[in-house]
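What follows is the residue order along each chain.
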Amino acid sequence: MTMTFDFSGKNVFVAGGTSGINFGVAQGFARWGAKVVVASRKQDKVDAAVQGLKDLGAEATGFAFDVRDYEAVAAGLKGAVDFFGGSIDVLISGAAGNFPARLMGMSPNAIKSVVDIDLLGTFHVMRAAHEHLTQPGASVINISAPQAYLPMAYQAHVCAAKAGVDMVTRTLAIEWGGDGIRVNSIVPGPIAGTEGMARLAPTPDILSAVEKSVPLGRLGQTDDIAKAAAMLSSDAGAYISGVVLPVDGGWSQEGATSVMSKAAKFMDKMTGQGS
Ligand code: NAP
Ligand code: COA
């Protein structure tokens, strides 16, 4: 059965929406009739993503900014509402950075770069977006990761940052509930063909082990995440707020921990790190 939603007349902003999972989410909303704005650091990626959304028939534009720069984020969001000619109905915040390294393999600046992009960037997007959100009615979704609640070697920076992201989600569900704004996190499982998986499962063997460790027996597709975001943002999600929703084929129940500790052993050999 083909899954379909109707977001015609709705305005969707996707921070970090120019590649991978977040671009897949932007494409989903574009197919389902929304006007879509994407943003990330690199102008060439923004331009290519916007063209991809237009190719799907959507009205779309994009802005280049770094989520670590609050003023630039605020300017991008202002540009988006000018383009929409109205408020933001669905806000997806998914800009993130990741590289595999043990804590002792990271400089202070390496730790800071990931915490600043993932966690501070989320704060920035949330804070700058609030005045532009449809009130009541907006759906805000932060893109988290299993590292938020499953400790993984080589991922201390991401584990801490994404745990923080989920607490921002849960706190804003309380603070913004009175404005009629719902705030949720989606936790993607291992998603095929993405930069995140290329970095965390860098060989075909590791990727195959990851796939086998998913109870549903397959890697996720970006469209799996798009459909979950659409469900949360549609009337079906009207009473859902403050939820941290794994969309992972069951991976975080058990497989994620065991397979990523095997991947860590490979990375020990590859990087010369490890105890
Ligand atoms: P990706 O393709 O690298 O997506 C990251 C996006 O964020 C890109 O559009 C990137 O574009 C943008 N970005 C990075 N740093 C930024 C910054 N400082 N300011 C603004 N934009 C920035 O990676 P992905 O694997 O699809 O991951 C997408 C999201 O899913 C992330 O939040 C990740 O933690 C989460 N996730 C992924 C997986 C997976 O299987 N891949 C699993 C769980 C969770 P620019 O380079 O142009 O800035
Ligand atoms: N191991 C250890 N440290 C690393 C590293 C690695 N594999 N890769 C980068 N770093 C360090 C750098 O050496 C630098 O530290 P230093 O100044 O002390 O040398 C620090 O991290 C910042 O790197 P830089 O390249 O200057 O940062 P940036 O802001 O341009 O990029 C990153 C941020 C590092 C997260 C980069 O990987 C990125 O842009 N990622 C976006 C895409 C992505 O990660 N996608 C997957 C999402 S899940």
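Residues numbered from 1 in each chain as written. Chains lettered and ligands numbered in written order. Predicted model: local features only at pLDDT ≥ 70, side-chain atom pairs only at ≥ 80, totals over all residues. Heavy atoms only, no water.

Trainee: I keep staring at the side chain of Gln147 and nothing clicks. Help me out?
Mentor: If you trace the backbone, Gln147 turns up in the loop between strand 5 (139-143) and helix 5 (156-175). Among the polar contacts made by the side chain of Gln147, one reaches the side chain of Gln155 at a distance of 2.7 Å. With residues near it in sequence (within four places) discarded, Gln147 still touches Asn98, Met152, Gln155, Val158, Cys159 and Leu200. (Helix = DSSP H or I, 4+ residues; strand = E, 2+ residues; numbered from the N terminus. Polar contact = N/O pair within 3.5 Å; in protein donor to acceptor, adjacent residues only side chain to side chain. Contact = heavy atoms within 4.5 Å.)

Trainee: For this particular structure, what's the right way to read the site of ligand 1?
Mentor: Lining the immediate environment of ligand 1, one finds 31 residues, of which Thr18, Ser19, Ser40, Arg41 and Thr194 sit closest. A distance of 2.9 Å separates a nitrogen atom of ligand 1 from a polar atom in the side chain of Asp66. Within the contact set of ligand 1, an oxygen atom lies 3.0 Å away from a backbone nitrogen or oxygen of Ile191. Coverage of ligand 1 by the protein amounts to 92% of the 870 Å² it exposes when considered alone. Sorting the residues of the shell around ligand 1 by element identifies helix 1 (20-31) and helix 6 (195-200) as the ones contributing at least two each. Residues belonging to the shell around ligand 1 are distributed by class as follows: 13 nonpolar, 11 polar and 7 charged. (Near = heavy atom within 4 Å. Areas by Shrake-Rupley, 256 points an atom, 1.4 Å probe, with all protein chains shown as cover. Nonpolar A, V, L, I, M, F, W, Y, C, P; charged D, E, K, R; others polar.)

Trainee: Sorry, what's going on with the sheet that holds strand 3 (residues 60-64) here?
Mentor: As a general point, the strands of a sheet are linked pairwise by backbone hydrogen bonds and lie either parallel or antiparallel. What the 7 strands build is an open sheet, ordered 3-2-1-4-5-6-7; its pairing is parallel. The open sheet has two free edges, formed respectively by strand 3 and strand 7 (244-247), since each of these has just one partner strand. If you compare each strand with its neighbour and ignore which way they point, the axes differ by 20° on average. Most of the contacts of helix 2 (residues 43-55) go to strand 3, to which it runs at about 170°, and overall it touches strand 2 (35-40) and strand 3. Each of strand 4 (90-93), strand 5, strand 6 (182-188) and strand 7 is contacted by helix 8 (residues 222-233), which is oriented at about 165° to strand 6, the strand it contacts most. (Pairing = 2+ DSSP bridges. Axes fitted to C-alpha atoms, helices over the stretch in contact; angles between N-to-C directions.)

Purely spatial values, then, with no claim about function.
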